[in-house]
Amino acid sequence: MISTVKQTPLFLLILLFSINSAAKTPAPATSETSVPFFKANYDAVINGFAVSAYREYKLLDNGLYELNFRASSWLASLKESAQFTWKNNDIRPQQFSSKRNITGAVKQSQLNFNHNKKTITRTTKKQQEEISYLARALDRLSFQLQLQQDLLLNKHGIIYNIVHKNRFKKNQFEIIGKESITTKAGTFDTLKIKVVREKKRRVTFIWVAPDWQYLFVKLIQLKDDKKQFSIELTDATIGNTTVVGL
């Protein structure tokens, strides 16, 4: 899993895929990960406002991987980007940036990870500060690909430490059952996942499609039992393959 757009909800959380036929499955860029490149569009609702959202995962010319997220409406926009490397199926974040514009009020922030010096630096318009380094910590965008990779490896009891602003938040992902859901992209057999946080006021549910390498097809975030954010897949491609329902 993501004021009108205060943070990227776990949705933010989101997408990827695998076809039952191995011959049709797009190969990853390297042997360091099973997650293939993709582009996906979503319908989203944030605090009652309809928003169109777009996500793309790709390899950059400098050898870094990048996950981009954009959401926009007539009232507000949000852009997030995470750059990272893969090592033995684990993400090593390098940089995360966020820019949101709500009726003209712009807020920006950036995280820089230096794993050799064991530092994480957060920069905003007002200040620059050092955050205590924590090995295997993830930013709040790239963790979404790490979740997909861990599901592909059939891991359970998944827990991540995610940098949010100037501190870490521990999130646990629990598979709670199977469910068939329908979106504009079609009908999918999914696993329903609950995101368990330290604070219980916010609850997030994610639906992923195992037949499409655990593509995130739907997400709902609740706060005090009220829907704060939702997102549903409208269309996607993995490599040159179009994602289709049953």
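Computed from a predicted model, the values in this text were never measured in an experiment.

Undergrad: I'm lost on the nonpolar core in this one. Help?
TA: Inside soluble globular proteins, nonpolar side chains tend to come together where they are buried. Ranked by size, the top nonpolar core spans 59 residues in total, and within it Y57, F84, L145, F173, I206 and L233 carry the most contacts. Once you skip the residues sitting within four places of it in the chain, F173 turns out to touch F143, L147, G157, I158, Y160, I193, K194, V195 and I206.

Undergrad: Help me understand the pattern of salt bridges in this model?
TA: A side chain with one charge may pair with a side chain of the opposite charge, provided their charged atoms come close. Within the structure shown, the criterion is met by 7 salt bridges. Close ionic contact of D43 with K184 constitutes a salt bridge, the shortest N to O distance being 2.8 Å. A residue pair is termed long-range when its members are at least 10 positions apart, and D43 in strand 1 (residues 38-46) and K184 in the loop between strand 10 (167-183) and strand 11 (186-197) qualify at 141 residues. Since its relative accessible area comes to 66%, K184 is described here as exposed. A salt bridge links R136 to D90; the shortest N-O distance between them is 2.9 Å. Here D90 lies in strand 5 (residues 90-102) and R136 lies in the loop between strand 8 (128-131) and helix 1 (143-152), a separation of 46 residues in the sequence. By relative accessible area, which is 62% here, R136 ends up exposed.

Quick notes on the rules
- Residues numbered from 1 in each chain as written.
- Predicted model: local features only at pLDDT ≥ 70, side-chain atom pairs only at ≥ 80, totals over all residues.
- Heavy atoms only, no water.
- Core = buried A, V, L, I, M, F, W, Y, C linked by side-chain atoms within 4.5 Å.
- Buried < 20%, exposed > 50% of the residue type's maximum accessible area, 1.4 Å probe, protein only.
- Contact = heavy atoms within 4.5 Å.
- Salt bridge = Lys/Arg side-chain N within 4 Å of Asp/Glu carboxyl O.
- Helix = DSSP H or I, 4+ residues; strand = E, 2+ residues; numbered from the N terminus.

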